[in-house]
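# Inside the fold
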Amino acid sequence: MYKQFTTDLVHLPSFELGEIYKMNGVWEIQLIPRQQSFICPLCFRKSVNHARPKERVLKHLFIPTHGLIYVRVPVYRQRCDDCGISWSVEWPGIPQRGKVTNRFKEMVIQECKGNTFQSVSKKTGISPSTITHWFYQEAERLVAKPENHSSPTKVCIDEFSLKKGHKYSLAIQDAETGHIWQVSEGRSRAQIQEALKRYPFIAPVVAVTDLAPGMAKTIQEVWPHVDIVADKFHVIQLFTAALERARKLSSKYATKHLEIRYQRRLLMTDPKLLDPQEKDKLSKWLDEDTNLYQQYQALQAIRRVYQSHTYQEGEQSLQAWIDYYLWDGASATRRIAKTLLQWKTEILNYFKYRITNAKIEGTNNLIKTIKRRSFGCPNQEKFTLRIRLECQQP
Ligand SMILES: [Zn+2]
């Protein structure tokens, strides 16, 4: 058991390990400095140790199998008789004040990623307010600084809500590294443009956005040369959302035969991934409901558009899709066709750049979990810092 506490584990190379014992359920490790003589900082001659032996006990590690591990560190008071000065020796990794080592502090901060401050507090015996303070102090230091990075050429711009239904924020994320460089409040035209003006880099070559009305124009008024890509995921979502509404209206037939979760699977899954039995069930269902059938076909057709290999092929197949569905098919699809017509350039840009904001979707989940952990996120600035620290680093 004792041998587990190797110098590697303890990670304080300037000390040898002395006695190791367990007292009142916690482990304590005596540290013996490897260096025993110290020169005077003024005259560089050997100084003398003049104080009575004194020790400090600091929290150093938390190991799930062992719990808290303390270190017992001697305090050396040195004196130079020639210069008439005295000082305390500074040990690497051991702060001059406080009750924890640098490593312990780092560990607590690491632990805050993915956990609430409250649960980390319970585990480590450090008060939540101290943990919060440490975390944000360290976050400031660790978070990526724009001046150390080159301008991203591809970005994702997306909205997310801080509280369900109100208070929207806008995130600007490097589409390649996944790092979120900026989070700002609001989603009005003015707020978005203000955010773009504050963006710490030069304008990107291309930006992926959702299909919010006027979004492309709002961005290009500030970044006139940027190409906008309408996010593929959001385009498909127009169809799946409409299909979901149609499914609810169609439930008369389906509820008799199919569970709701199963209904969704049949409708939303790429038909290539359904087994023959499922395909059979689906086709019987679609035979019963023309509206659902038409919308389902339109979704499969747009999926085929996205499978185009070249820009030209994409352009032809999208135009063919729009030409057909603007006049034919379900009324819900005709509405979508109008939207796609407005976003045609931006949808086709997908074939030029082949980027989606899939990364930001992952980030949305991260934001959701941070939100859950931080009890409604009181402070936008700290919340932003936390998001930026926990998302992919550049
Ligand atoms: Zn001296």
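Residues numbered from 1 in each chain as written. Predicted model: local features only at pLDDT ≥ 70, side-chain atom pairs only at ≥ 80, totals over all residues. Heavy atoms only, no water.

### Things to note about the coordination of the zinc ion
Quick reminder of the rule: For Na, K and Ca the donor cut-off is 3.2 Å, while for other metals it is 2.8 Å, and in both cases only N, O and S atoms qualify; water is not among them, so sites may look incomplete. Site shape is set this way: if four donors have all angles between 85 and 135 degrees, tetrahedral; if opposite donors are over 155 degrees apart and all others between 65 and 115, square planar for four donors and octahedral for six; otherwise irregular. In this description a helix means any DSSP run of H or I spanning at least four residues, a strand means any run of E spanning at least two, and both kinds are numbered starting from the N terminus.
The coordination sphere of the zinc ion contains the protein donors C40 (SG), C43 (SG), C80 (SG) and C83 (SG), at a distance range of 2.3 Å. Taken together, the 4 donor atoms coordinating the zinc ion and their angles of 108 to 111° define a geometry best described as tetrahedral. Each donor residue of the zinc ion lies on one chain, and together they are spaced C-x2-C-x36-C-x2-C. Within this pair, whereas C40 is found in the loop between β2 (26-33) and β3 (48-49), its partner C83 is found in the loop between β6 (77-80) and β7 (85-88), the two being separated by 43 residues in sequence.

### Quick look at the pattern of salt bridges
Heads up, the rule is: Criterion for a salt bridge: a side-chain nitrogen of Lys or Arg within 4 Å of a carboxyl oxygen of Asp or Glu.
Taken as a whole and judged by the stated rule, the model has 17 salt bridges. A salt bridge links R264 to E244, with the nearest nitrogen and oxygen atoms 3.1 Å apart. Linking R264 in helix α9 (residues 260-268) with E244 in helix α7 (residues 232-249), this pair joins segments that are 20 residues apart in sequence. Because the salt bridges share partners, they merge into one network encompassing E28, E55 and R72.

### Section: the packing of α7 against α9
For clarity, the threshold we go by: For helices, the fitted axis covers only the stretch in contact; all axes are lines through C-alpha atoms, and the angles between them, taken along N-to-C directions, range from 0 to 180 degrees. When an angle is under 35 degrees it counts as roughly parallel; over 145 it counts as roughly antiparallel; between 65 and 115 it counts as roughly perpendicular; any other value is oblique. Handedness of a helix crossing follows the sense of rotation of the near helix relative to the far helix, less than a right angle counterclockwise being left-handed and clockwise being right-handed. Here a residue-residue contact requires only that any non-hydrogen atoms of the pair lie within 4.5 Å. Only Asp, Glu, Lys and Arg are considered charged, only Ala, Val, Leu, Ile, Met, Phe, Trp, Tyr, Cys and Pro nonpolar, and every remaining residue, Gly among them, polar.
Packing of α7 against α9 leaves a shortest axis separation of 11 Å and a crossing angle of 135°. As summarised for this structure, α7 and α9 are arranged oblique, according to the angle between their axes. As for the relative orientation of α7 and α9, their crossing is right-handed in sense. Here T240, L243, E244 and R247 of α7 lie close against α9, whose contacting residues are I260, Q263, R264, L267 and M268. Taken together, the residues of the contact of α7 with α9 sort by class into 4 nonpolar, 2 polar and 3 charged.

### Structural notes on the packing of α7 against helix α11 (residues 290-306)
Each pair of packed helices gets described by two things: the angle between the helix axes and the distance between those axes. Where α7 contacts α11, the two axes come as close as 9 Å, and the packing angle between them is 170°. The angle between the axes of α7 and α11 places the two elements in the roughly antiparallel class. As α7 packs across α11, the resulting crossing turns out to be left-handed. Residues K232, V235, I236, F239, T240, A242, L243, A246 and R247 of α7 form the contact with α11, whose participating residues are N291, L292, Q295, Y296, A298, L299, I302, R303 and Y306. When the residues that make up the contact of α7 with α11 are grouped by side-chain class, the tally is 12 nonpolar, 3 polar and 3 charged.

### Thoughts on the sheet that holds β6
Using the following cut-off: Only strands that DSSP links by at least two bridges are regarded as paired with each other.
Strand order in the open sheet formed by 3 strands is β3-β6-β7, with antiparallel pairing between adjacent strands. The sheet terminates laterally at β3 and β7, the two strands that pair on one side only. Both β3 and β6 contribute to a ladder of 2 bridges, which runs antiparallel. Residue pairing across strands places N49 opposite Q78, the latter belonging to β6.

### Some remarks on the packing of aromatic side chains
Each aromatic ring pair is summarised here by two numbers: the centre-to-centre distance and the angle between the ring planes. For clarity, the cut-off: A pair of Phe, Tyr and Trp rings is counted when the ring centres sit within 6.5 Å of each other, with Trp represented by its six-membered ring. The angle between the planes then sorts it: under 30 degrees is stacked, over 60 is edge-to-face, the rest tilted. A ring is scored as having a charge over it whenever the NZ atom of a lysine or the CZ atom of an arginine sits within 6 Å of its centre and within 35 degrees of its normal.
This model, assessed by the stated rule, comprises 16 aromatic pairs. Taken together, F15, F38, Y76 and W91 form an aromatic cluster joined through their ring pairs. For the cation-ring pair, R187 lies above Y168, with the distance from its terminal atom to the ring centre recorded as 3.5 Å. Directly above the aromatic system of F135 lies the positively charged group of R386, at a separation of 5.0 Å from the ring centroid.

### Brief notes about a positive patch on the surface
Condition: Patch definition: residues above 30% relative accessible area lacking any salt bridge, with like charges linked at up to 9 Å and the nonpolar side chains Val, Leu, Ile, Met, Phe, Trp and Tyr linked at up to 5 Å. What sets the accessible areas is the Shrake-Rupley method with a 1.4 Å probe; for residues, cover comes only from the shown protein chains. Note on charges: Lys and Arg go in the positive column, Asp and Glu in the negative column, and His and the chain ends are not counted at all. To locate a charge, take NZ of a lysine, CZ of an arginine, CG of an aspartate or CD of a glutamate. Relative accessibility decides the category of a residue: with a 1.4 Å probe and only protein chains considered, values under 20% of the type maximum give buried, values over 50% give exposed, and everything between is partly exposed.
Taken together, R245, K248, R334, R335 and K338 make up a surface patch of like positive charges. At 3 residues, the largest contribution of residues to the positive patch is made by helix α13 (residues 331-342). Take K338: it is sitting in helix α13. For K338, a relative accessible area of 51% translates into the label exposed.

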